[in-house]
Amino acid sequence: MRKRYWKTINFSLFFLVASSLEAQVTNPFGNALVPDMIADASIQVIDGMFYCYATTDGYGKGLHTSGPPVVWKSKDFVHWSFDGTYFPSAVNEKYWAPSKAIHVNGKYYIYPTINGYMYPAVAEHPDGPFKLARGEDKFYKPFTGSTLLQTKNPGGIDAEVFVDDDGQAYVFWGRRNAAKLASDMVTVDSVIHSIPTPQKTYSEGPIFFKRKGIYYYLYTIGGDERYQYYYVMSRVSPLGPYEYPKDDLVSTTNYERGVFGPGHGCVFNTDDDHYYFAFLEFGRRSTNRQTYVNKLEFNEDGTIRQVEVSLDGVGALRKVKQRKVIKPDTVYVSSTASPMYIKHNQDTLCQRTEYFVPSFAVDGSNGSRWMAAESDKEQWIVADLGKPKKIRQSEVYFVRPTAGHAYLLEGSSDGKVWQKCGGHEDVHMKSPHTDDVNKKYRFLRIKITEGIAGIWEWNIY
């Protein structure tokens, strides 16, 4: 009797300590754009749908561990999804910084950097599948083969393509390079221009757009937690001459708001007056970054106001009918990974700690996640709804979704007897994984059988 009593006391103390920990920890990563690690985002609206092409981050250190190319899509800018890859032949390549998909000649062209070179790719639809536009069937490794498009040696990375009102296309890339593109969207003009800027250090991640007759060229300097964006502008042509506004800083680290190194992203608009600035953030160091979006505002003379960068997000940009969310009373798990202290690279003020507590799987922020301990062989999470409720659907966003997942979804009325109500045994590369439950349960349980044991978000409807 005494032994059973102490087991009960220890069990209660465990949950008391766990609840106390969850009450103390916070999510330092705010409301990220999508529930995954992505960088170098190119966001646009195509036929009323938001598309986000980006570098798939979160696979370790360096771009050689980045994930395959996927395109995230959303109707409202809040609920995002992808299913498979849009560029099959590039899945096993070193792939990063895709441009927006440019609609010309009845087709879509995209310009990612692959193995150190910028390649043109083409498809009939923005969802792909894309293939190399020059008819090649393989990618060249850096310094051993061809370079960008059809020209001798523009070199560089991070292509940004802009088509002006007269139909003339331009390509911009790292180190302030720019050139005209021929109508085939592949051949680069032999004259390579260098965009003159007040900031002279190394630059990448160019952003180019036109608003109310003014051309804007945004360029980065620095890197990691010291990433910044500056800009110049022209009222004449994409190739200049350029004006140099006195206040030319677009974005920089904001210690008070916990935004470190806002860098390579994009500018997009939903109409003539609403513009937005997307940026990657220092995140967990190296290639473990997330992307955020803030409003971009202008002064009456057309100059850009410095963005007061934050991790808050901008919420829904389109109105769509929303489903009723069932918020769990409690979430408990097989284990929780130890906290991760994130070291700065250069700036001692840029410090934070990431926690992986169960409640982060249902907080709707995209910037926090539950992770199981590495030694955990069970890898499950349970949502207690407080009482039996009719569940129509379960929607789960796993950590590192491009690596693929298999899982079992079970329901229970008492927490003892479980029934299978979803999941799949084979590994799928998609996010979210959705199951139509249409039954009444008090408890739902996910057992992760393949893939990274972690969840960014779990939505129950």
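Since the model is a prediction, treat every value here as computed from it, not as a measurement.

Turning next to the overall build of the protein chain. When you go through the protein chain residue by residue, the secondary structure sums to one helix and 32 strands. Relative to the compact-globule value of 23 Å for 461 residues, the protein chain shows a C-alpha radius of gyration of 24 Å, a close match. With the C-alpha coordinates aligned to their principal axes, the bounding extent of the protein chain is approximately 85 × 45 × 45 Å. Expressed as a percentage of the 461 residues in the protein chain, the buried residues total 54%. Pairs at least 24 apart in sequence give 60% of the contacts found in the protein chain among residues at least 6 apart. A total accessible area of about 21,100 Å² is found for the protein chain, and carbon and sulfur atoms account for 49% of it. Both charge centroids of the protein chain, one from 54 positive and one from 52 negative side chains, sit 6 Å from each other.

The next subject is the nonpolar core. Formed by 27 residues in total, the largest nonpolar core has its most connected members in Phe209, Tyr216, Leu218, Val267, Phe277, Leu296 and Ile304. Mapped onto this core, the elements with two or more residues apiece are β16 (207–211), β17 (214–221), β18 (228–234), β21 (275–281) and β22 (290–296). The residues contacting isoleucine 304, other than those within four sequence positions of it, are Phe209, Tyr216, Leu218, Tyr231, Asp247, Leu296, Glu297, Phe298 and Asn299. Counting 26 residues, the second largest nonpolar core, distinct from the first, contains Ala54, Ala278, Ala337 and Phe356.

Applying the stated criterion across every chain, the model contains 31 aromatic pairs. Both rings, one in phenylalanine 268 and one in tyrosine 276, keep their centres 5.4 Å apart while their planes meet at 25°; by these two values the pair is stacked. For the pair phenylalanine 268 and tyrosine 276, one class covers both residues: buried. In textbook terms, an aromatic cluster arises when at least three aromatic residues are bridged by ring pairs, as seen for Tyr51, Tyr53, Tyr86, Phe87, Tyr95, Tyr119, Phe130 and Phe139. Its guanidinium or amino end placed over the ring of phenylalanine 29, arginine 284 lies 3.6 Å from that ring's centre, counting from NZ or CZ. Taking the ring centre of tyrosine 461 as reference, the NZ or CZ of arginine 323 above it sits at 3.8 Å.

One pass over the full model with this rule turns up zero disulfides. For cysteine 266, which is in no disulfide, the shortest distance to another cysteine sulfur is to cysteine 52 and amounts to 7.2 Å.

With that settled, consider the pairing of strand β32 (residues 454–460). Within β32, seven of the seven residues are buried, which leaves it mostly tucked inside the rest of the structure. When strand β26 (residues 370–371) meets β32, the two strands line up antiparallel, connected through two bridges. The residue bridging methionine 371 from the neighbouring strand is glycine 454, located in β32. One ladder, built from five bridges, connects strand β27 (residues 380–398) with β32; its direction is antiparallel. When the sheet's bridge partners are listed, tyrosine 397 is paired in β32 with glutamate 457.

Take the confidence of the model for the protein chain next. Summarising the model, the protein chain shows a mean pLDDT of 92, and 92% of its residues fall at 70 or more. Here residues 142–147 scores under 50 on pLDDT; set against residues more than four positions off or in separate chains, the count is 17 contacts. For residues 150–154, every residue scores under 50 in pLDDT, and the model assigns this stretch 13 contacts once sequence neighbours within four places are set aside.

Under the counting rule described, the total for this entry stands at 13 salt bridges. A salt bridge links arginine 235 to glutamate 243; the shortest N-O distance between them is 2.9 Å. Here the salt bridges share partners, and the residues they tie into one network are Asp164, Asp165 and Lys210.

All right, on to the sheet that holds strand β5 (residues 95–96) then. Spatially, β5-β8-β9 is the arrangement adopted by the three strands of the open sheet, whose pairing is antiparallel. Lying at the two open borders of the sheet, with one neighbouring strand each, are β5 and β9 (117–118). Bridge count for β5 against strand β8 (residues 113–114) is two bridges, and the pairing is antiparallel. Along β8, the bridge assignment pairs tyrosine 95 with isoleucine 114.

Calculation notes
- Residues numbered from 1 in each chain as written.
- Predicted model: local features only at pLDDT ≥ 70, side-chain atom pairs only at ≥ 80, totals over all residues.
- Heavy atoms only, no water.
- Helix = DSSP H or I, 4+ residues; strand = E, 2+ residues; numbered from the N terminus.
- Rg over C-alpha atoms; globule rule 2.2 N^0.38 Å.
- Buried < 20%, exposed > 50% of the residue type's maximum accessible area, 1.4 Å probe, protein only.
- Contact = heavy atoms within 4.5 Å.
- Areas by Shrake-Rupley, 256 points an atom, 1.4 Å probe, with all protein chains shown as cover.
- Lys, Arg positive; Asp, Glu negative; His and termini not counted.
- Charge placed at Lys NZ, Arg CZ, Asp CG, Glu CD.
- Core = buried A, V, L, I, M, F, W, Y, C linked by side-chain atoms within 4.5 Å.
- Phe/Tyr/Trp six-rings, centres within 6.5 Å; stacked < 30°, edge-to-face > 60°.
- Lys NZ or Arg CZ within 6 Å of the ring centre and 35° of its normal.
- Disulfide = S-S within 2.5 Å.
- Pairing = 2+ DSSP bridges.
- pLDDT = per-residue confidence, 0-100.
- Salt bridge = Lys/Arg side-chain N within 4 Å of Asp/Glu carboxyl O.

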